[in-house]
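Residues per chain are reported as follows:
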Amino acid sequence: MITLYTAGTPNGYKASIMLEECALDYRVHAIALSKLEQKQDWFLKLNPNGRIPTIVDHSQDDFAVFESGAILMYLGDKADKFMPRNTPKTLKAHSRVVQWLMFQKSGLGPMMGQANVFYRYHTEKIPYAIKRYQDESRRLLEILDKQLADNEFLAGEYSIADIANFCWARSADWSGVATEDLPHLTRWIATIHDRPAVQRGLKIPTEDQKARSADEFVAAARRIVT
């Protein structure tokens, strides 16, 4: 059994989608970000960075894993799915997946996250900051589109690299970044979204546990970032 501490964010969806894809037994503890539950002492013992998602694997002496990329890799190794083993024979396949995972972790996620802050959440509109992060998000999405022109998925077969990047790329409109003219990216997003496990993962936490409306979500985000 695994406990997933999460909220309805791109990073949170990475973990819930992966748990569904791997058909692992898990339970959900929804974290109230607007109430700063992720900063409480009990949670910081699991995740010193005070962020979601975090998992606790009770089959491994209550082993806690934080950071969404690390969670994807841990679950991939645990289930032996969507993550090539790091062996001499699979070294290149493993590296390709990790490269595109790091692309999301170091680039797409942070840039889109900052675009969200300045475009959606920050009460003071700073045009330079908005343009800076939207332009960089768009550049990174164009790189994904180019990679997907000749590849069904980012690193060969469907993998944690696709899950990680999908969870952010699908929400480009929320960041104020248009992607309608990126056909390969659009095709890839639709393909992944149609996977039953992905659809289940996107419903975690349940609607009752999420913010009731977009306005309430924005208000909660503003309390966190300002």
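The text that follows walks through the structure, step by step, so that each part is easy to find. Just so you know, the residues in each chain are numbered from 1, in the order the chain's sequence is written. In keeping with the predicted nature of the model, local features appear solely for residues at pLDDT of at least 70, side-chain atom pairs appear and are counted solely at 80 or more, and the whole-chain, interface and lining totals rest on all residues. Only hydrogens and water are set aside; all other atoms, that is, all heavy atoms of the structure, feed into the side-chain values.

### Structural notes on the overall build of the chain
- Runs of E in the DSSP output that reach at least two residues are strands. Runs of H or I that reach at least four are helices, and both are numbered from the N terminus. Across its full length, the chain carries nine helices and four strands.
- In the chain, the succession of helices and strands from N to C terminus is β-α-β-α-β-β-α-α-α-α-α-α-α.
- By principal-axis analysis of the C-alpha atoms, the chain measures approximately 50 × 45 × 30 Å.
- Think of it in three bands: residues with accessible area under 20% of the maximum for their type are buried, residues over 50% are exposed, and the middle band is partly exposed, with areas taken using a 1.4 Å probe on protein chains only. When burial is assessed residue by residue, the chain has 47% of its 226 residues classed as buried.
- Within the chain, contacts between residues at least 6 apart in sequence are counted, and of these 67% link residues at least 24 apart. Two residues form a contact once any of their heavy atoms are found within 4.5 Å.

### A look at the pairing of strand β4 (residues 63-66)
- Only strands joined by at least two bridges in the DSSP assignment are considered to pair. Note that strand β3 (residues 54-57) and β4 share four bridges and pair antiparallel. Residue pairing in the sheet places T54 in a bridge with F66 of β4.
- The hairpin turn running from β3 into β4, its antiparallel successor, is five residues long, and D61 in that turn takes a positive phi close to 55°.

### A few points about the packing of helix α6 (residues 160-169) against helix α7 (residues 183-193)
- Lines fitted to C-alpha atoms define the axes, with helix axes restricted to the stretch in contact, and inter-axis angles between N-to-C directions lie between 0 and 180 degrees. Put simply, α6 and α7 touch, their axes get as near as 10 Å, and they point 110° apart. Between α6 and α7, the angle falls in the class roughly perpendicular. Of the residues in α7, those in contact with D162, N165, F166 and A169 of α6 are L185, W188, I189, I192 and H193. Orientation labels follow simple angle bins: below 35 degrees gives roughly parallel, above 145 gives roughly antiparallel, 65 to 115 gives roughly perpendicular, and whatever is left gives oblique.

### Details of the packing of aromatic side chains
- Each Phe, Tyr or Trp ring, with Trp reduced to its six-membered ring, pairs with another whose centre is within 6.5 Å; inter-plane angles below 30 degrees give stacked pairs, above 60 give edge-to-face pairs, and intermediate values give tilted ones. If you walk through the whole model with that rule in mind, you get eight aromatic pairs.
- Taken together, a centroid distance of 5.8 Å and an interplanar angle of 55° make the contact between Y5 and W42 tilted. Here Y5 is found in strand β1 (residues 2-6), whereas its partner W42 is found in helix α2 (residues 41-44), with 37 residues between them in sequence.
- According to the relative accessible area criterion, W42 is partly exposed, its value standing at 32%.

### Quick look at the pattern of salt bridges
- Any Lys or Arg side-chain nitrogen found within 4 Å of a carboxyl oxygen on Asp or Glu counts as a salt bridge. If you walk through the whole model with that rule in mind, you get nine salt bridges.
- E67 serves as the salt-bridge partner of K105, at 3.2 Å between the closest nitrogen and oxygen. Of this pair, K105 sits in helix α4 (residues 91-121) while E67 sits in the loop between β4 and α3 (68-79); the two residues are 38 residues apart in sequence, bridging distant segments of the chain.
- What makes E67 partly exposed here is its relative accessible area of 32%.
- What emerges from the salt-bridge pattern is a single network uniting R138, E142 and D181.

### Quick notes on the packing of helix α5 (residues 127-148) against α7
- As a packed pair, α5 and α7 sit with axes 7 Å apart at the nearest point and diverge in direction by 80°. Viewed along their axes, α5 and α7 adopt a mutual orientation that is roughly perpendicular. Mapping the contact onto sequence places L141, L144, D145 and L148 in α5 and P183, H184, L185, R187 and W188 in α7.
- Each residue is assigned to one class: nonpolar for Ala, Val, Leu, Ile, Met, Phe, Trp, Tyr, Cys and Pro, charged for Asp, Glu, Lys and Arg, and polar for all the others, Gly among them. Along the lines of polarity and charge, the residues of the contact of α5 with α7 split into six nonpolar, one polar and two charged.

### Notes on the nonpolar core
- Within this scheme, the nonpolar core is defined by two criteria: the residues are buried Ala, Val, Leu, Ile, Met, Phe, Trp, Tyr or Cys, and they are joined through side-chain atoms within 4.5 Å. With 56 residues, the main nonpolar core has I17, L141, F166, L185 and W188 as its most contacted residues.
- If you list the elements that add at least two residues to this core, you get β1, α1 (10-21), α3, α4, α5, α6 and α7.
- Ranked by the residues each element gives to this core, the list is headed by α4, at eleven residues.
- Setting aside chain neighbours within four positions, we find L141 in contact with L108, A169, A172, V177, T179, L182 and L185.
- Ranked by size, the runner-up nonpolar core spans seven residues in total, among them Y5, A7, I31 and L46.

### Section: α1
- Expected span of a helix: the number of residues minus one, times 1.5 Å. Between its first and last C-alpha atoms α1 spans 16 Å; for twelve residues at 1.5 Å apiece the expected length is 16 Å, and the two agree.
- Counting buried positions over the twelve residues of α1 gives eleven, a clear majority of the element.
- When we look at burial in α1, the residues that qualify are P10, G12, Y13, K14, A15, S16, I17, M18, L19, E20 and E21.

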